Amino acid sequence: MKDWSRPEGAGKLLSVTDAPVRNKPNRKRNRDPDGVQNEMVTTITHSSAQTNQQSSSIISSGISFSQHSMRFELPVDLWLLKDMSPTQYLSTYCRCDDDLSMLYKAVFSQKDKDKDGLVNLKEMEHALLLVYKLNERHIERLYTLTKVNEDFKVDLKLFIALGCLMSRILDKEPIDDAVKPNIIAMKDLLEKADFYALKWRASDVEIGGDLWILLSYLF
């Protein structure tokens, strides 16, 4: 199995204003669509010393600084994964606690300008950068694992799952100063038990190649 914890070289550390757009490696830096950078929720870091007024309001809305849990599950009957895409799996089998869901919902709502319950990929990237301090390679890894195209729209349930997946990417691929909030816990025992001997359990199950890549990354 490939060692995902050692990326081949480090990319650029990202801020909210220059989140990468997929398939455009030589793009110009993107400005926030509202042009209100100083009023946006800043990245929540380990120290949380540089959060601005909006980020403080999100944290003070009921989210404590205890360790918040998340996990990726597998069904007892792995045949349920047959013909399932990576995004369908994430929406169905990703779990996180209520406080962490509240954080993801807050940043999703901020980027869902028309309030239709969907965000495009650029808005999704900007929303993730309100929670995480990311390197551009982490965004590219997210797209590699989920296999979404440029026109793909993300609903709240999937965004919460993508937020959890990004936390796992940061744990597996530490680069430079890119960090996740220390309030988010790492892989728990239930998930480890679920994925134990996955290759053996799935040996007679027709799991699609794209989903298998994601599952292999998670275990």
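Described below are features of the structure shown in this document.

Rules of the game
Residues numbered from 1 in each chain as written. Predicted model: local features only at pLDDT ≥ 70, side-chain atom pairs only at ≥ 80, totals over all residues. Heavy atoms only, no water. Salt bridge = Lys/Arg side-chain N within 4 Å of Asp/Glu carboxyl O. Helix = DSSP H or I, 4+ residues; strand = E, 2+ residues; numbered from the N terminus. Buried < 20%, exposed > 50% of the residue type's maximum accessible area, 1.4 Å probe, protein only. Contact = heavy atoms within 4.5 Å.

### As for the pattern of salt bridges
Consideration 1: Evaluation of the coordinates by the stated rule reveals five salt bridges.
Consideration 2: Of the charged contacts, one joins glutamate 73 and arginine 95 as a salt bridge, the two residues approaching to 3.5 Å between their closest N and O atoms. One end of the pair, glutamate 73, is in the loop between β1 (70-72) and α2 (86-93); the other, arginine 95, is in strand β2 (residues 94-96), and 22 residues separate them in sequence.
Consideration 3: By relative accessible area, arginine 95 is classed as partly exposed at 35%.
Consideration 4: Measuring nitrogen to oxygen at the nearest pair gives 3.9 Å for the salt bridge that ties lysine 82 to glutamate 206. Highlighted residues: lysine 82 in the loop between β1 and α2 and glutamate 206 in the loop between α8 (198-201) and α9 (209-218), separated in sequence by 124 residues.
Consideration 5: By relative accessible area, which is 32% here, lysine 82 ends up partly exposed.
Consideration 6: Among the charged side chains, a network of salt bridges with common partners joins Arg71, Glu73 and Arg95.

### Remarks on the side chain of serine 91
Consideration 1: With respect to the helices and strands, the residue serine 91 is situated in helix α2.
Consideration 2: Those residues in contact with serine 91 that lie beyond four places of it in its chain are Lys157, Leu158 and Ala161.

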